[in-house]
Amino acid sequence: MPKITRRLFGALALSTAAAFALPANAADKINVGILSLTSHSPSIIAEAKGYFDEQELDVEFVSFQAAQPMAVAIASGDVDFGMTAISGGLLSLADKGVVKIIGGALQETPDVEGQKILASKAAHDDGVKTPADLKGRSFGITTTGSSFHYMAHKIADKEGFDRSEIKVKPLQKVPAVIASLKSGQIDAWSIVPNIAGALTRGPEVVEIGKVSDYIDNYQVTTVFTSTSNVEEKPELVKRFLAALSKGIADYNAALVDKSMSEEETAEIVKAIHQYVYSDQPIEKADPRIRAGAMRINEGAALSMASVEDQLEWFKSEGLAPEGVTMEKLVDTSFVETR
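Residues numbered from 1 in each chain as written. Predicted model: local features only at pLDDT ≥ 70, side-chain atom pairs only at ≥ 80, totals over all residues. Heavy atoms only, no water.

**Focus on the nonpolar core**
- Counting 104 residues, the largest nonpolar core has Ile 101, Leu 134, Trp 189, Phe 240 and Leu 241 as the members making the most contacts within it.
- Sort the elements by how many residues they give to this core and helix 11 (residues 234–256) lands first, with 12 residues.
- Every residue in contact with Leu 134, bar those within four places of it in the chain, is listed here: Ile 117, Val 128, Phe 139, Ile 155, Phe 161, Glu 165, Ile 166, Ala 188 and Ile 208. (Core = buried A, V, L, I, M, F, W, Y, C linked by side-chain atoms within 4.5 Å. Buried < 20%, exposed > 50% of the residue type's maximum accessible area, 1.4 Å probe, protein only. Helix = DSSP H or I, 4+ residues; strand = E, 2+ residues; numbered from the N terminus. Contact = heavy atoms within 4.5 Å.)

Pasting the structure below:
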């Protein structure tokens, strides 16, 4: 039997005390990818109101500038959950079996003001009065395969002209698209209502239509995670979605349905402001955050028809592997689908 020295006794006492100090159920640490957009508010609200704590989740937000890098980070395990538009990169990763869509988020609905189709004043004066007039015209997008690209082609499809006759112009970043539209270097663009409203208040940009008239129940963004989380940690996925769903409910009540008290809504806007328009004073950011709200599906319900339509568009344009299927892309076991 080893001799109990004073030093050994002290070490044993410290280790025993440390063991008793550990919580019975330590929270699982997860990284959640977000973009600095009002539509990413449900995760922020869930964190601010303790809904992740209720699910014993310790959340750290990781900011991104675009959808594709977030998908790559989730595939690599650097980020656990994300919410953004379907991209070619996401589809390629799904084809490789490393990411899965597990829910729906932002969706175009007839009852809520949605994304607008805009024309430069120069194009409008030259005859672009409605989306039907975009045949042969230029349309700004961020990157090939972006949601902007998809929307441009859906306009062409419904108006009955060839997709090649709407000339998409990749400009990489939203500020570059805005600058090109205002200066008349591109003829048209589509964007969320708060940005559209700010642009049309000036003399350089005119609203000519609504995206909801061209895409039925457009599932603009989805919730996704790694395939390993789906297969090896389904309870973690369920807990994340439970907390997120409570954040979605508060978001819709405060900013879309406006059924929440002004005092509660102001607190929610204050929490969102930490990540959205954080470079501006709250007095300026508050109305912009509120104006940017579009409906997010309660319970993260997912429109399968919209996801499938997007998948088929990507394939038709050669922007996704032919082998990727809805079964590879979506796991339907966690949320309501429709």
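The structure having been displayed, the exposition proceeds.
**Remarks on helix 4 (residues 67–76)**
- Taken as a whole, helix 4 has its buried residues at Ala 67, Met 70, Ala 71, Ala 73 and Ile 74. In an axial view of helix 4, the angular spread of the buried residues amounts to 160°, which keeps them on one side of the axis.
- Along its buried surface, helix 4 packs onto strand 1 (28–35), strand 2 (57–64), strand 3 (81–84), helix 5 (88–95), strand 4 (99–104) and strand 10 (222–226).
- Following helix 4 by one or two positions, Gly 77 adopts a phi angle in the positive range, close to 90°. (Arc of directions from axis to C-beta.)

**Remarks on the pairing of strand 4**
- By the criterion of burial, strand 4 is predominantly enclosed, with six of the six residues buried.
- Direction of pairing for strand 4 relative to strand 10: antiparallel, over a ladder of five bridges. Its bridge partner lying in strand 10, Ile 101 is registered against Phe 224. (Pairing = 2+ DSSP bridges.)

**Things to note about the packing of helix 7 (residues 147–159) against helix 14 (residues 304–316)**
- Taken N-terminus to C-terminus, the directions of helix 7 and helix 14 make an angle of 90°; their axes are 11 Å apart at the nearest point. The angle between helix 7 and helix 14 places the two elements in the roughly perpendicular class. The segment helix 7 lies against helix 14, with His 149, Tyr 150, His 153 and Lys 154 engaging Asp 309, Gln 310 and Trp 313.
- Tallied by class, the residues present in the contact of helix 7 with helix 14 amount to two nonpolar, three polar and two charged. (Axes fitted to C-alpha atoms, helices over the stretch in contact; angles between N-to-C directions. Parallel < 35°, antiparallel > 145°, perpendicular 65-115°, else oblique. Nonpolar A, V, L, I, M, F, W, Y, C, P; charged D, E, K, R; others polar.)

**Regarding the packing of aromatic side chains**
- All chains considered together, the criterion is met by seven aromatic pairs.
- With a centroid separation of 5.2 Å and an interplanar angle of 75°, the aromatic rings of Phe 61 and Tyr 275 are classed as edge-to-face. Within this pair, whereas Phe 61 is found in strand 2, its partner Tyr 275 is found in the loop between helix 12 (262–272) and helix 13 (282–291), the two being separated by 214 residues in sequence.
- On the basis of relative accessible area, Tyr 275 is assigned to the partly exposed category, the value being 32%. (Phe/Tyr/Trp six-rings, centres within 6.5 Å; stacked < 30°, edge-to-face > 60°.)

**Considering helix 8 (residues 174–183)**
- Looking only at helix 8, the buried set comprises Val 177, Ile 178, Ser 180 and Leu 181. All buried residues of helix 8 project into a common sector of 165° when viewed along the axis, lining one side.
- Those residues of helix 8 that are buried lie in contact with strand 5 (116–120), strand 6 (138–141), strand 8 (188–191), helix 9 (193–200) and strand 9 (205–210).
- Immediately downstream of helix 8, the backbone of Gly 184 shows phi near 80°, a positive value.

**Digging into the side chain of Thr 38**
- Mapping Thr 38 onto the fold places it in the loop between strand 1 and helix 2 (41–48).
- Of the residues examined, Thr 38 reaches a relative accessible area of 4% and is grouped as buried.
- Separated by 3.4 Å, the side chain of Thr 38 and the backbone oxygen of Ile 289 make a polar contact.
- What Thr 38 contacts, discounting residues up to four positions off in sequence, is Tyr 251, Leu 255, Val 276, Arg 288, Ile 289, Gly 292 and Ala 293. (Polar contact = N/O pair within 3.5 Å; in protein donor to acceptor, adjacent residues only side chain to side chain.)

**Points about the environment of Ile 272**
- Looking at the element boundaries, Ile 272 is found in helix 12.
- Taking relative accessible area as the criterion, Ile 272 reaches 0% and is therefore assigned buried.
- Along the sequence, Ile 272 and Leu 199 sit 73 residues apart, while their C-alpha atoms lie 23 Å from each other.
- Among all residues touching Ile 272, those that are not within four sequence positions of it are Ser 41, Ile 44, Ile 45, Leu 255 and Ile 289.

**Quick word on unusual backbone geometry**
- The phi dihedral of Asn 217 is positive, around 45°, even though this residue is not glycine.
- Non-glycine residue Lys 258 carries a positive phi angle of around 55°.

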